[in-house]
Amino acid sequence: MQQSAAAKFIDCHRVRPTRTRPGSRGTFIARLSPRNAGTLGAWDGTYLNVTYNQASVLACLSVDHTLDNDTVSLDQTLRQAICLEKIMQGLGIKELVYDPDEQIALEYPVRIRRSRFTGPSFLARMLKQQYQVCIIHHAMIQDMETPIARMTPRSMEVIGIQPGDKVKLIGEKGSKSIRCLSLDTDSELPLKTMYNYFTPPCPVDTYQALTLPWITLDLQTRLDLKIKPWQPIIAARDPLHVLAWELGGLAAAVALSALGGAVVLPKEVSTQYPWLPGGIIATGFFVVLLFILIKIRSRI
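Residues numbered from 1 in each chain as written. Predicted model: local features only at pLDDT ≥ 70, side-chain atom pairs only at ≥ 80, totals over all residues. Heavy atoms only, no water.

J.: How would you summarise the state of the cysteines if you had to cite specific residues and measurements?
T.: Scanning the entire structure with this criterion turns up one disulfide. Across the disulfide from C83 sits C202; the S-S distance is 1.7 Å. Looking down the S-S bond of the C83 and C202 bridge, the torsion is -75 degrees, so its handedness is left-handed. Remark: C202 occurs in the loop between α5 (192-197) and β14 (214-217) and C83 occurs in the loop between α2 (76-81) and β8 (96-97); sequence separation between them is 119 residues. (Disulfide = S-S within 2.5 Å. Helix = DSSP H or I, 4+ residues; strand = E, 2+ residues; numbered from the N terminus.)

J.: Hey, could you go over the environment of P232 for me, with residue numbers and the actual values?
T.: Locating P232 in the fold gives a position in strand β15 (residues 232-237). Accessibility expressed as a relative area gives 10% for P232, which makes it buried. C-alpha of P232 to C-alpha of V57: the two residues are 175 residues apart in sequence and 6.2 Å apart in space. Beyond its immediate stretch of four places on either side in the chain, P232 contacts S56, V57, A81, V133, C134, I135 and I227. (Buried < 20%, exposed > 50% of the residue type's maximum accessible area, 1.4 Å probe, protein only. Contact = heavy atoms within 4.5 Å.)

J.: An account of the side chain of D64 is needed here, citing residue identities and associated values.
T.: Assignment of secondary structure puts D64 in the loop between β6 (55-63) and β7 (71-74). Using a relative accessible area of 13% as the deciding quantity, one classes D64 as buried. Every residue in contact with D64, bar those within four places of it in the chain, is listed here: R31, L32, S33 and P34.

J.: Got a sec to walk through unusual backbone geometry? Specific residues and values, please.
T.: Between L189 and the following residue, P190, the backbone shows a cis peptide bond with an omega angle of 5 degrees. The phi angle at E145 is positive, at roughly 60 degrees, despite the residue not being glycine. Mapped onto the elements of the fold, E145 is located in the loop between β10 (132-138) and β11 (148-151). Positive phi outside glycine occurs at W230, with the angle close to 85 degrees. With respect to the element layout, W230 can be found in the loop between α6 (219-225) and β15. W230 sits in the buried class, given a relative accessible area of 1%.

J.: Which residues make up the pattern of salt bridges, and what are the values?
T.: Counted by the stated rule, this structure contains six salt bridges. The residue D64 makes a salt bridge to R31 at a minimum N-O spacing of 4.0 Å. One end of the pair, D64, is in the loop between β6 and β7; the other, R31, is in strand β4 (residues 29-32), and 33 residues separate them in sequence. Overall, the relative accessible area of 11% leaves R31 in the buried class. Of the charged contacts in the structure, one is a salt bridge between K176 and D224, with a shortest N-O distance of 2.5 Å. (Salt bridge = Lys/Arg side-chain N within 4 Å of Asp/Glu carboxyl O.)

The following block contains the structure:
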């Protein structure tokens, strides 16, 4: 266990798979001992940056009182994102071990810091978001200089979005919501240009058996997120986009309610306040226009 002047971190020399995932809430979890969590100033639900060599990924902390201080348990998705074995074989307690003298299974220790990402918003938690770890690929030729993402139909189904919806991309150094379209299932990724122009953090053969989905992003989006091709990123549906569409669905109901309210006003009330029926209708249509505007802007 070590500390740096800039930030606290721990090095774990043993990696185990997670077996149970209580309270995961659609996220991917890393499990640490209470002492390690305390060293990082973290608790259940805190996000961590988990790094192995040059690859890193965000993980949600779940404190495990049965773990020792030299061990971290990682979901299979997280292990693959940082170049570790996705399926850990063997009898008894399955684990990957780093030994400076013998280098058994792990060439480097796994370094863990507390992440800058503070976690999903209250709205995202209320909507019970499902998250997907994707590997970043540069944009397709037809999408160059276009602020859109492309994901496989399967990935879009997992996080609950349709083509044209917004996806929220979450990285260590920021987050961004952009419109998402379907990735052509005939596209054989990664393209050769990925190897020619960008350095993968994992050995090349790791990507030949990659089961994590690809997501294509244009250069400006990658610059905004301070992230490069080959790196993993968390994708989820944009909760504000979801809310905007649900509000848009209320527009017709609001309009009908406003018309009905103006019609059923008692005669004596409409006589005493002749402006009231028109005011109710005008207010209803103002609210409808506001909902429509929110819905339109949610697609930009």
